[in-house]
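As a plain string of letters, each chain reads:
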Amino acid sequence: PPIFDAETLDLALNAAKQKARCDYGQYVGAGPDNADIAAALAGKSAGLKMYLDSTFGELRLDDMTLWMPHFQNFPKEYPVVLHSESRTMAAGILFAAIYDRPVHIAHISLKEEVLLIKSAKERGIKVTCEVCPHHLFLSKEDIPSISHGHPGRGEVRPRLATKEDVEALWANMDVIDCFATVPAPHTLEEKDSEIPPPGFPGLETLLPLLL
């Protein structure tokens, strides 16, 4: 379930504790009315995750007034991670400047994004970012060859971008702070369904691809 309060955070942490074979942390999600709750859970979490574009249920933040209490309340020593694209990402970086607190941009994919982050860093705004392997090695032109007649296999968010975007990420690698993968362990049956869930797993392929 979405992780947005003590009960759902404990559910996720307990599940991980039983099976994990590596270090882990669990983000708490920012919702429209849980700013105080999320801030109180900071010590048990990896940080706050904010979905500034569309998402589902308890984590929908439909306008910027709902971002404000999270930027104000969440302890500054813990990360705030923004799922945001394009202009929404730019708004998130503005919030970082207004509230003078670091933000981390999850899985960037576009030329305009990496160039804006570069400019923000040059001006001392506290922003870091990550990129996923599929945005470095695939463009939307590759979808037919990777989907084998099943378009759902090419579904991911952010979507695969253009070759120009891919080349811009490589050209600005010094702007990118870390690599990340998406926890999307969907089965082929799910990806080939009428409503394919977006996302690619990448944990097993990230290191060999980058090497």
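For the structure itself, look to the data block above.
Residues numbered from 1 in each chain as written. Predicted model: local features only at pLDDT ≥ 70, side-chain atom pairs only at ≥ 80, totals over all residues. Heavy atoms only, no water.

### What about the pattern of salt bridges?
- According to the stated counting rule, one finds 8 salt bridges in the structure shown.
- Aspartate 62 is the salt-bridge partner of arginine 60, the closest N and O atoms lying 3.0 Å from each other.
- On the accessibility criterion, arginine 60 (37% relative accessible area) is partly exposed.
- We note a salt bridge from lysine 126 to aspartate 100, for which the minimum N-O separation is 3.1 Å. Linking lysine 126 in the loop between helix 5 (111-122) and strand 5 (127-131) with aspartate 100 in the loop between helix 4 (86-99) and strand 4 (103-105), this pair joins segments that are 26 residues apart in sequence. (Salt bridge = Lys/Arg side-chain N within 4 Å of Asp/Glu carboxyl O. Buried < 20%, exposed > 50% of the residue type's maximum accessible area, 1.4 Å probe, protein only. Helix = DSSP H or I, 4+ residues; strand = E, 2+ residues; numbered from the N terminus.)

### Considerations on a nonpolar patch on the surface
- A cluster of nonpolar side chains, Phe137, Trp170, Phe179, Leu209 and Leu210, forms an exposed patch at the surface whose accessible area comes to about 430 Å².
- For phenylalanine 179, the position within the fold is in strand 6 (residues 178-179). (Patch = residues over 30% accessible without salt bridge, like charges linked within 9 Å, V, L, I, M, F, W, Y side chains within 5 Å. Areas by Shrake-Rupley, 256 points an atom, 1.4 Å probe, with all protein chains shown as cover.)

### Some thoughts on helix 4
- Counted at 1.5 Å a residue, the expected span for helix 4 with its 14 residues is 20 Å, and the 20 Å between its end C-alpha atoms agrees.
- By the burial criterion, the buried members of helix 4 are Ser86, Thr88, Met89, Ala91, Gly92, Ile93, Phe95, Ala96 and Tyr99.
- Packed against the buried residues of helix 4 are helix 3 (68-73), strand 3 (80-83), strand 4, helix 5 and strand 5.
- Following helix 4 by one or two positions, aspartate 100 adopts a phi angle in the positive range, close to 50 degrees. (Expected span 1.5 Å × (residues − 1). Contact = heavy atoms within 4.5 Å.)

### Looking at the packing of aromatic side chains
- Applying the stated criterion to the full structure yields 6 aromatic pairs.
- Taken together, the aromatic side chains of Trp67, Phe71, Phe95 and Tyr99 make up a single cluster linked through ring pairs. (Phe/Tyr/Trp six-rings, centres within 6.5 Å; stacked < 30°, edge-to-face > 60°.)

### Some words on the sheet that holds strand 5
- Strand order in the open sheet formed by 6 strands is 1-2-3-4-5-6, and the pairing between neighbours is parallel. The strands lining the two open edges of the sheet, one partner per strand, are strand 1 (28-29) and strand 6.
- Examined bridge by bridge, strand 3 and strand 4 share 2 bridges and lie parallel to one another. Across the sheet, the residue bridging to leucine 82 is isoleucine 105, located in strand 4. (Pairing = 2+ DSSP bridges.)

### Focus on the packing of helix 4 against helix 5
- The geometry of helix 4 relative to helix 5 is characterised by a closest axis approach of 10 Å and an angle of 15 degrees between their N-to-C directions. Judged by the inter-axis angle, helix 4 sits roughly parallel to helix 5. Crossing of helix 4 against helix 5: the hand is right-handed. Contacts between helix 4 and helix 5 pair Ser86, Met89, Ala90 and Ile93 from the former with Glu112, Glu113, Leu116, Ile117 and Ala120 from the latter.
- Classifying every residue of the contact of helix 4 with helix 5 by side-chain character gives 6 nonpolar, 1 polar and 2 charged. (Axes fitted to C-alpha atoms, helices over the stretch in contact; angles between N-to-C directions. Parallel < 35°, antiparallel > 145°, perpendicular 65-115°, else oblique. Left-handed = near helix turned anticlockwise from the far one by under 90°. Nonpolar A, V, L, I, M, F, W, Y, C, P; charged D, E, K, R; others polar.)

### Structural notes on helix 1 (residues 6-19)
- Over its 14 residues, helix 1 extends 20 Å from the first C-alpha to the last, a length consistent with the 20 Å expected when each residue adds 1.5 Å.
- Buried residues of helix 1: Thr8, Leu9, Ala12 and Leu13, and no others. Projected down its long axis, helix 1 carries its buried residues within an arc of 130 degrees, all on one side. For helix 1, exposure combined with an orientation more than 90 degrees from the buried face picks out Glu7, Lys17 and Gln18. (Arc of directions from axis to C-beta.)

### Looking at the side chain of serine 84
- By the secondary structure assignment, serine 84 is in the loop between strand 3 and helix 4.
- Accessibility expressed as a relative area gives 4% for serine 84, which makes it buried.
- Leaving out residues up to four positions away in the same chain, serine 84 has contacts with Leu52, Asp53, Met89, Ile105 and Glu113.

### With respect to the state of the cysteines
- Per the counting criterion, the structure on display carries 0 disulfides.
- As a non-bridged cysteine, cysteine 129 has cysteine 178 as the owner of its nearest cysteine sulfur, 7.6 Å distant.
- In this structure cysteine 129 comes out as buried when scored by relative accessible area, which is 0%.
- The closest cysteine sulfur to the non-disulfide-bonded cysteine 132 is located on cysteine 178, 9.5 Å from its own sulfur.
- The class for cysteine 132 is buried, based on a relative accessible area of 1%. (Disulfide = S-S within 2.5 Å.)

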